[in-house]
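Coordinate inspection notes
Given next are the chains, with one letter for each unit.
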Amino acid sequence: MNQPKRYLITSALPYANGLKHIGHLAGAYIPADIYARYLRQQKRDVVFVCGSDEHGTAIPIQAMKEGTTAQAIIDKYHPIIEQNFKDLGIEFDIYHRTSSPLHHETAQEFFTALNNKGDLEIKETEQFYDEATSTFLADRFIKGTCPNCGYDNAYGDQCEKCGKSLSPEELINPVSTLSGNAPIKKATKHWYLPLNRHEDFLLEWVLKEHKDDWRANVVGQVKSWIDGGLQPRAVTRDLDWGVSLPNEAGKVLYVWFDAPIGYISATKQWALNNGKDWKPYWYNEDTKLVHFIGKDNIVFHAIIFPVMLKLHGNILPSNVPSNEFMNLEGDKMSTSRGWSIEMDDYINDWIKPENGGGQMADALRYYLTAIAPETKDSEFTWKGFHTSYKSELSDILGNFVNRTFVLMHKLCNGKVPVFHNDIIDDDDKQLINDIKTAKQKVEDNLEEYKFRDGLFEVIDLARKGNQYLQKKEPWKRKAIDGKYSTEDQQHIDNCIHLCLQLTANLSILINPFLPFTAKKMLYMMKVVERMLDWENAGSVTLLKVGYSLRAPELLFRKIEDAEIEIQIEKLKAKSLKTKENKVEETTQHTEHQIPVIKPEIVFDDFAKIDLRVGTILSAEKVEKADKLLKLEVDLGFEKRTIVSGIAMHFKSEEIIGKQVTVVCNLAPRKMRGIESNGMILMAEDKAGKLHFVNPDHKIDEGSGVS
Ligand SMILES: [Zn+2]
């Protein structure tokens, strides 16, 4: 493949309605930043864009609840999120906003171009309208009595008391939340993007052209959307918050349509700021466009936006690397449930100068990359964070650099010693070879968006440095009257010389992942940033002989157990507080919500699930996990270990002998180090209590359920 002439890298635009958590960070931002830094080190032409997504109904609704304006909400969160990214070393070339006039103009132009070419369909429908305020009402702006439970403050799309999903037509006595008046029905027209016209293009482009170089989760999702049949999707809506339609009062572009165009407007703004031309980045085929996203964004970036780009005459993405989800301490991360670590919280707790500054940003970047959910969901635990920090970052990378510098000052007068080629041995040769090959290994992984493996290659190189040092043991040579014999000094020199060259290489290779650490290493080596040019990697002549280097500094400070305990307690307390607040908010209806009905599936989807009756043989609490029980379940044909989150609901002894329904072909998952092979079906009642789903009398283990 020809080398692309330029790169345009995008990270999903975060919604500017609240703080973002580290699961978001792991999904779309850290991988993109690693990739962008790597390309910059290669001196490629690269632009890395992102910004706030500031439209959609959720923001004006939140504003109404908080008694403020939509503008005030985005003006509050945009700068916080932008600063959070900076503090964590995410270096965008521009962090733009979709509320900017340039974006509005760009999105309008995009819509008009498609509309003029006949690429959109117009349909007329009847919708609720508030005559007092002359506005069509989005579902959320209509309230009424729930036909299901009689709750009189149900929204037009959902009853928050019983959880039933509704359409505004179903509400009894609907009223507009804007005026309090009863709305009328009024005809309105909307524009639709007929995705159904583009199924063949998507089949060819994603499922044939990219079936091997895109991640399986992306290709799989696209396939299942197409299998389900693509439908025309409304591009416009009646609302006053968003990008208004040219010449159509009271209508705006749907947020899913305008948000990805935010990548284009951000590129334009970047070009304006830097005196560049933005067009080649979006029109020239020799540009490589890469969208980094989380898995909830796959449909927009692998189906809808590409169709828009194709119709508009732009280039298509070369790849859409999407991560799976990152869970937190055994549960799904969720800001609304208080089970999350916000970037802002992490920064406040860890990234202060007295707490080590940037090295703690790197600590998070390291762990989130090491456990990146690249191919399946993964789990953040504070203990795991601590362990990887101690045993990998600190003990391998930090320790190697520190030992090298200490020994250089002790045995070589603080200067880069000469390398004596005449006494080079096999260990030296091996290390030189390891240095030379590491570059290619890291490169191969990064080019394939395997960031976790790329990082492990760098750590592995540092590990080899430690092994080399351990084998050479330069500290064991004996000095007489403060002087070493010529032979001993030459051996010391060679060892320290190579370890220093290795340190220089490590700074280059680690920079995409841990930029603050790389900077600190440059400082210690007294070299300028040019050293980090990627082409320098692999060389063992980066540091000049005789050059004096600074005193060693610890790359990674010690993290005490107590600091980790505080974080675990803090997370529990936050989740509890969120729960209490929620109970308070909904005092009139404390009953548990019944979940909304999920989208329709076909029989084949259901038939994939292998359900069997099993009997619980034993149950024990999982250490340090309040919610988990480790169960031994007899399935007739075999016995299984299943970890189940039911410890708050059942005592171990009372469930032994119970029959349960087991999903027995669920992929194994490790929880607290125990591999769980299946899942027990549970029903949750209105009070939030769990009950087993089991046959009405005892039957053979292994019996199928369908
Ligand atoms: Zn209801």
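Not measured: the values here are computed from a predicted model. (Residues numbered from 1 in each chain as written. Predicted model: local features only at pLDDT ≥ 70, side-chain atom pairs only at ≥ 80, totals over all residues.)

**Things to note about the overall build of the chain**
Keep this limit in mind: The way it works is that DSSP assigns letters per residue, a run of H or I at least four long becomes a helix, a run of E at least two long becomes a strand, and they are numbered from the N terminus. A radius of gyration in this sense is built from C-alpha atoms; the matching globule rule multiplies 2.2 Å by the number of residues raised to 0.38. We call a residue exposed when 12 or fewer other C-beta atoms sit within 10 Å of its C-beta, buried when the count reaches 20 or more, and partly exposed for counts in between; the C-beta positions come from the backbone. Note on contacts: each residue gets a C-beta atom placed from the backbone, and two residues are in contact if those atoms are within 7 Å.
Within the chain one finds 19 helices and 26 strands. For the chain, the C-alpha radius of gyration of 29 Å lies close to 27 Å, the compact-globule estimate for 706 residues. In terms of principal-axis extent, the alpha carbons of the chain reach across some 100 × 70 × 50 Å. Here the chain holds 706 residues, and the buried ones make up 40% of them. If you take every contact in the chain between residues at least 6 apart in sequence, the share linking residues at least 24 apart comes to 72%.

**So, helix H7 (residues 255-274)**
In plain terms, the rule: A helix is expected to reach a length of 1.5 Å times the quantity of its residues less one. Bend is computed residue by residue as the angle between axes fitted to the seven residues ending at the residue and the seven residues starting at it.
With 20 residues, H7 extends 28 Å between its outermost C-alpha atoms, agreeing within 8% with the 28 Å of an ideal straight helix rising 1.5 Å per residue. Maximum bend of H7: about 30°, positioned at Gly262. Within H7, 15 of the 20 residues are buried, leaving the element largely enclosed by the surrounding structure. Count one or two residues on from H7 and you reach Gly275, which has phi positive near 65°.

**Observations regarding the sheet that holds strand S6 (residues 142-145)**
The test is simple: Note: two strands are recorded as paired if DSSP finds a minimum of 2 bridges between them.
Taking strand neighbours across the sheet as the criterion, the 3 strands line up as S7-S6-S8 in an open arrangement whose pairing is antiparallel. Taken across any chain shown, the strands that pair with only one partner, and hence form the sheet edges, are strand S7 (154-155) and strand S8 (172-176). Strand direction decides the pairing type here: S6 and S7, joined by 2 bridges, are antiparallel. The residue bridging Gly144 from the neighbouring strand is Ala154, located in S7.

**Observations concerning the domain arrangement of the chain**
Our working rule: Note that the domain bounds were set by an automatic or database domain assignment.
Domains assigned within the chain are domain 1 (6-115 + 253-328), domain 2 (381-536) and domain 3 (607-705). Centre-to-centre separation of domain 1 and domain 3, based on C-alpha positions: 42 Å.

**Digging into the sheet that holds strand S4 (residues 121-130)**
As summarised here, the arrangement of the 4 strands in space is S5-S4-S9-S10, forming an open sheet in which the pairing is antiparallel. Sheet topology places strand S5 (135-136) and strand S10 (232-234) at the edges, where each strand pairs with a single neighbour. As paired elements, strand S9 (residues 184-194) and S10 share 3 bridges and run antiparallel to each other. Within the sheet, the bridge partner assigned to Pro194 lies in S10 and is Pro232.

**Overview of unusual backbone geometry**
You will see that Ser134, though not glycine, has its phi angle at about 55°, which is positive. With respect to the helices and strands, Ser134 occurs in the loop between S4 and S5. Here Lys526, not a glycine, exhibits a phi torsion of approximately 55°, which is positive.

**What about the nonpolar core?**
For clarity, the cut-off: In plain words, the nonpolar core is the set of buried Ala, Val, Leu, Ile, Met, Phe, Trp, Tyr and Cys residues that C-beta atoms within 7 Å link up.
Counting 158 residues, the largest nonpolar core has Ile9, Ile22, Leu253, Leu364, Leu397, Val458 and Leu509 as its most contacted members. Here this core spans two domains, and each of domain 1 (6-115 + 253-328) and domain 2 (381-536) adds at least three residues to it. Once you skip the residues sitting within four places of it in the chain, Ile9 turns out to touch Ala32, Tyr35, Ala36, Val46, Phe48, Val290 and Phe292. Core analysis: the next-biggest nonpolar cluster, separate from the first, contains 12 residues, Ala619, Leu629, Ile642 and Ile680 among them.

**Let's talk about the packing of helix H4 (residues 101-116) against H7**
Our working rule: Convention adopted: a line fitted to C-alpha atoms gives each axis, helices being fitted over their contacting stretch, and angles between N-to-C directions are expressed from 0 to 180 degrees. Any angle that falls under 35 degrees is termed roughly parallel, while one over 145 is termed roughly antiparallel, one within 65 to 115 roughly perpendicular, and all others oblique. Crossing handedness: left-handed means the near helix sits turned counterclockwise from the far one by under a right angle, and right-handed means the same turn made clockwise. Think of it as three bins: nonpolar holds Ala, Val, Leu, Ile, Met, Phe, Trp, Tyr, Cys and Pro, charged holds Asp, Glu, Lys and Arg, and polar takes everything else, Gly as well.
Running from amino to carboxyl end, H4 crosses H7 at an angle of 120°, the nearest separation of the two axes being 9 Å. On the basis of the axis angle, H4 is oblique to H7. Here H4 runs over H7; the crossing is right-handed. Residues Leu102, His103, Thr106, Ala107 and Phe110 of H4 form the contact with H7, whose participating residues are Asp258, Ile261, Gly262, Ile264, Ser265, Lys268 and Gln269. The class makeup of the residues in the contact of H4 with H7 is 5 nonpolar, 5 polar and 2 charged.

**A few points about the environment of Val243**
For Val243, the position within the fold is in the loop between strand S11 (236-238) and strand S12 (251-253). Here the alpha-carbon distance between Val243 and Ser100, two residues 143 residues apart in the chain, equals 9.9 Å. Not counting the four nearest positions on each side in its chain, Val243 is found in contact with His55, His104, Ala107, Gln108, Val252, Leu253 and Asp258.

**Comments concerning the pairing of S9**
Relative to S9, S4 is paired through 9 bridges, and the arrangement is antiparallel. Note that in S9 the partner of Glu121 across the bridge is Tyr192.

**A look at the pairing of S6**
Both S6 and S8 contribute to a ladder of 3 bridges, which runs antiparallel. Counted as the bridge partner of Lys143 is Val175 from S8.

**Overview of the environment of Thr661**
One can find Thr661 in strand S20 (residues 659-663). In the structure, Thr661 is positioned 58 residues away from Phe603 in sequence and 19 Å away in space, judged by C-alpha atoms. Ignoring anything within four residues of it in the chain, the contact list for Thr661 reads Leu611, Val613, Leu681, Val693, Asn694 and Val705.

**Here's the deal with helix H6 (residues 216-227)**
The terminal C-alpha atoms of H6 lie 16 Å apart, and with 12 residues this matches the ideal 16 Å at 1.5 Å per residue to within 8%. Gly229 sits one or two residues past H6 and shows a positive phi near 85°.

**A word on the confidence of the model for the chain**
Just so we agree on the cut-off: The pLDDT value expresses, per residue, how confident the predictor is, ranging between 0 and 100.
Here the chain shows a mean pLDDT of 92. Residues at 70 or above account for 96%. Low pLDDT, under 50, characterises residues 586-593; the stretch is placed with 11 contacts to residues that sit more than four places away or in other chains.

**What about the environment of Lys570?**
For Lys570, the location among the structural elements is in helix H17 (residues 561-585). Residues Lys570 and Glu209, 361 residues apart in the sequence, show an inter-C-alpha distance of 48 Å.

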